[in-house]
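# Understanding the architecture of this molecule
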Amino acid sequence: MHDHAVGVIVDGELVFASEEERWTRHKHSVREPPINALRQAFLFLKRKYGIRPKDVDAYAINWEPKLMTYTMRFKFTADTFAGLINRIRFDVLNKNNPISMGLAALGLGFTILRGDYLDLARRFVRFVVHSIGEDAPENIRIVPVPHHLAHAASAYYFGGFNDAAVIAVDGSGEFEATVVWRVRDGEFEKIVSIPTVYGSLGTLYENICAKIGYDTLEGPGKVMGLAPYGKASKYYEKLKSFVRLDDGDYPFRFFVPGRWRIKNTLSYYSKPYRFIADSVYPGEKVPWDPRGDLHPDAVDLAWAVQSVTEDVMLHLARWAREHTGEDKLGLAGGVALNAKANMAIHYSRLFNDIFIFPAANDAGTPIGAAAYVYEHVLDGKMKRQRLKTVYLGPEYSDEDVKKVVERGGWGARYVGDDVNEVVDLVTKGFVVAWFQGRAELGPRALGNRSIIADPRRRDMWGVVNRIKGREWWRPLAPSLLEEDAGKYFIEPVPHQFMILMFKYKSEMCEVVPAVCHVDQTARPQTVSKDENRTWYELIKAFKDVTGEGIILNTSFNLAGEPLVETPQDAIRSYALGGFKAIYLQGWLIQK
C-alpha cells in the first residue's frame, strides 16, 4: 500500500490532485492513508467552488475488495487501520465518551475481522471531514473500482480519446498484473487479463532490483538509468528463458515450475519472481557500492531486466494493436513509468497516438477511479480532453509566499516574472532551485518544483547529482521549447510529462552533454507558452542568450525526499542543499 493520493472531479474535469507523500515528507507514503491530501482537497473545494464535504456525490477508491481473497482483504484492512491509528489515534472512532468509544472500537474490530475495507474508508472520510470543522453526512458513498480498471480509466479519460486500446501493467492489483482493454465511447471491454503469478513485469523488475541492491519502490527508476551502462550477458539469456510469448490465451507469461493459485496474497504473488531472481543471480545481492565504481554484475543485471521489459512491452503493444483493432494507445500502471520501454513503443509506430498518464503509478488510480465513477455510476460525462498539464496541487498566493520569505529574514528581491536574472545565474554555472504555482502531480518536476542548471556544461551532470545526494551515474532530464524538439531529438512528439524517452540526433549530445545519457537518450519535457508561461519564458530567455532552447531540469527535492510541496518546504530544502539561488514565485534569493 503506497503512493496514496486524492483526485477531485468537478463537472467532468480534473480540478485537484495531491499525493500524500508531499505532506508527510515520506517518499511513496507507504502505509500512510491520504489524510492530508484529502484534507487539502476539501479546503480547495470550499475555497475555489464553495463545495463542502456534504456536497460530495461519491468517493471512488482504487481497489475492489470483492476480487480479493479474505486473507488479502483482512490484511489490507488491518494495514490501513494501523496506518490510521498511528497518525490519528482513536479519533477515527469519532466518539465522545468511554461507552460509545468502546462500542465503536468493538464495531471497528469486527470491521477489521470481516476485512470490510469500505466501512473503514467511510470512517476515514468522516474523520477527515470532522478535522476541518465540517459536519459529515450520515451516508458517505464509497464506490470501489477494480485496480486495473482505475489505471485504465486514467489513461483513457485524460488521453482525449473516444476509442482506444488501453494497457495497464504494474506489480499487482487484486489478483492481476497486466490487462488489455478495448475502450469505445467510454465502454471498457477487457480483452485479456494476466494474473499476477504469471504476468507481473513490475514484480519481476522489483526482484531484480533487490539483487542489485535497491528496494522495491525506489529501485526501478534507478535501475532503468543504470541499464545503459551494461550489456547483453548470461543474465539476459537466463532471464529471457523464463518468458513465454503468445502462450495460450496470454500475450506473454513468466513460466516457473509448479502449480500457482491465481488468487492469494501479495506476498504469495511475489514467490515466482523471487524464484526467477534467485535463478538469474543466486547470490543474495551484488557486492557493490552504488555511489562508487560501477560493478559489472550490477549493470548487466540492470541491462537484462530493462531489455526483457522492453521486449515484453513492445510485444504486448503489438498484441493489443492486433486484438483490439485500435490505432490509439493509452498506458498506465507502474511499469508505464518506464520511459525507455515507452520509447520502444513510440518508435515502433504501431499506434498513431500514444498517451501515458503522467502519474502512471498508484498515485494515478484514485483519479482514474473518480473519472470512471463519474461516468458509470453518477451518469456524468467526462470532458475527455487531452491532459496537457498536471499543476493540480493546492494554491499558494503571492502574499503567502511573501510572508514565508520575510519570516526567514532572507536577503530577497522581488523580480516577479522577469526571469532574466535567473538565466544570468544559470549561464554563470549556478544551480538554481525553482518554485512557483501549484505542484505537479506525479514523480516528475515539470517547471513548478524544479532544479535548473545549464545543460551545455558537462560538469553540471555531476554537480547537480552531488547537490541532490544522488548516485553519480544517474541521468538528468531536459525541458525544452516544444517548437525546438525537432532540433535535438529524432522523431519527437509533444510530450509534457517526462515519461517518454527520445533518441538524440547524433550531434546534439555534444551540445547539451549534461542531459544526454550514455545511450544518447533523454526523457524530456516539451514546453509551450499556453501550458506554463513563466517556465516557457525562462527557457526562451535562456535560448536568447545561448542559442539553445533547452535547460537541465530535475526534481526539487533532496535525496530520499519527495518533491517539495509548500513554500516552507522549498526554503528548507534550499537552505540545506548546495543551491546558489532560489526563485520562489517571484522572489529571488541568493546565498
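Summarised in this report is the structure supplied together with it. (Residues numbered from 1 in each chain as written. Predicted model: local features only at pLDDT ≥ 70, side-chain atom pairs only at ≥ 80, totals over all residues. Heavy atoms only, no water.)

### With respect to the state of the cysteines
For the structure shown, the criterion picks out 1 disulfide. One disulfide in the model links C509 with C516; its S-S distance is 1.9 Å. Judged by the torsion about the S-S bond (60°), the C509/C516 disulfide is right-handed. Each member of the pair C509 and C516 is classed as buried. (Disulfide = S-S within 2.5 Å. Buried < 20%, exposed > 50% of the residue type's maximum accessible area, 1.4 Å probe, protein only.)

### Some details on the nonpolar core
Side chains of a nonpolar character, in soluble globular proteins, are inclined to be buried together. Counting residues in hydrophobic clusters, the biggest one holds 184 residues, and the most contacted among them are F158, F188, I212 and Y504. Ranked by residue count, the leading element in this core is helix α12 (residues 296-324), at 13 residues. Every residue in contact with Y504, bar those within four places of it in the chain, is listed here: P478, Y488, F489, I490, C509, V512, V515, C516, Q520, T521, A522 and I550. In terms of nonpolar packing, the next biggest core, distinct from the first, is built from 21 residues, V432, V527, Y583 and L588 among them. (Core = buried A, V, L, I, M, F, W, Y, C linked by side-chain atoms within 4.5 Å. Helix = DSSP H or I, 4+ residues; strand = E, 2+ residues; numbered from the N terminus. Contact = heavy atoms within 4.5 Å.)

### Re the sheet that holds strand β11 (residues 353-356)
Taken together, 5 strands build an open sheet; the order of strands is β7-β6-β5-β10-β11 and the sheet is mixed. In this open sheet, the two edge strands, each paired with only one partner strand, are β7 (187-195) and β11. Ignoring strand direction, the axes of neighbouring strands in this sheet form an average angle of 20°. Across 8 bridges, the pairing between strand β6 (residues 176-184) and β7 is antiparallel. Pairing of V180 across the sheet is with V192, part of β7. The sheet strands contacting α12 are β5 (163-169), β6, β7 and β10 (328-332), and the helix crosses β6 at an angle near 35°. (Pairing = 2+ DSSP bridges. Axes fitted to C-alpha atoms, helices over the stretch in contact; angles between N-to-C directions.)

### So, the packing of helix α8 (residues 201-212) against α12
Contact geometry of α8 with α12 gives a least axis separation of 9 Å together with a crossing angle of 175°. Regarding the angle of α8 to α12, the classification is roughly antiparallel. Of α12, the residues touching α8 (which contributes L201, L204, Y205, I208, K211 and I212) are A298, L301, A302, V305, Q306, V308, T309, V312 and M313. By residue class, the composition of the contact of α8 with α12 is 12 nonpolar, 2 polar and 1 charged. (Parallel < 35°, antiparallel > 145°, perpendicular 65-115°, else oblique. Nonpolar A, V, L, I, M, F, W, Y, C, P; charged D, E, K, R; others polar.)

### A few points about helix α5 (residues 117-131)
For α5, spanning 15 residues, the distance from its first C-alpha to its last is 21 Å, which sits close to the expected 21 Å at 1.5 Å a residue. With 11 of 15 residues buried, α5 lies mostly within the body of the structure. Listing the buried residues of α5 in full gives Y117, L118, D119, L120, A121, R123, F124, V125, F127, V128 and V129. Of the residues flanking the end of α5, it is G133, one or two places downstream, whose phi is positive at about 80°. (Expected span 1.5 Å × (residues − 1).)

### Here we look at unusual backbone geometry
Look at D246: it is not a glycine, yet its phi comes out positive at around 50°. Residue placement: D246 occurs in strand β8 (residues 243-247). Within the chain, R384 stands out as a residue other than glycine whose phi angle is a positive 55°. Turning to its location among the elements, R384 is positioned in the loop between α14 (365-376) and α15 (398-407). Owing to a relative accessible area of 11%, R384 belongs among the buried residues under this scheme.

### Side note on helix α2 (residues 35-49)
End to end, α2 covers 21 Å across 15 residues, agreeing with the expected 21 Å (1.5 Å per residue, within 8%). Within α2, the full set of buried residues consists of I35, A37, L38, R39, Q40, A41, F42, F44 and L45. Directly after α2, the chain includes G50, whose backbone phi takes a positive value near 70°.

### Overview of the environment of I582
Secondary-structure assignment places I582 in strand β20 (residues 581-584). Of the residues examined, I582 reaches a relative accessible area of 0% and is grouped as buried. Residues I582 and A570 lie 12 residues apart in sequence; the distance between their C-alpha atoms is 8.7 Å. In contact with I582, not counting residues within four places along its chain, are V432, A433, F556, A570, Y574, W587, L588 and I589.

### Let's talk about the packing of aromatic side chains
Under the defined criterion, the tally for this structure stands at 27 aromatic pairs. Here F16 and F44 contribute two aromatic rings whose centre-to-centre distance is 5.1 Å and whose plane-to-plane angle is 35°, an arrangement assigned as tilted. Of this pair, F16 sits in strand β2 (residues 13-19) while F44 is found in helix α2, placing the two residues 28 residues apart along the sequence. On the numbers, 5.6 Å between centres and 70° between planes, the contact of F188 with Y372 is edge-to-face. (Phe/Tyr/Trp six-rings, centres within 6.5 Å; stacked < 30°, edge-to-face > 60°.)

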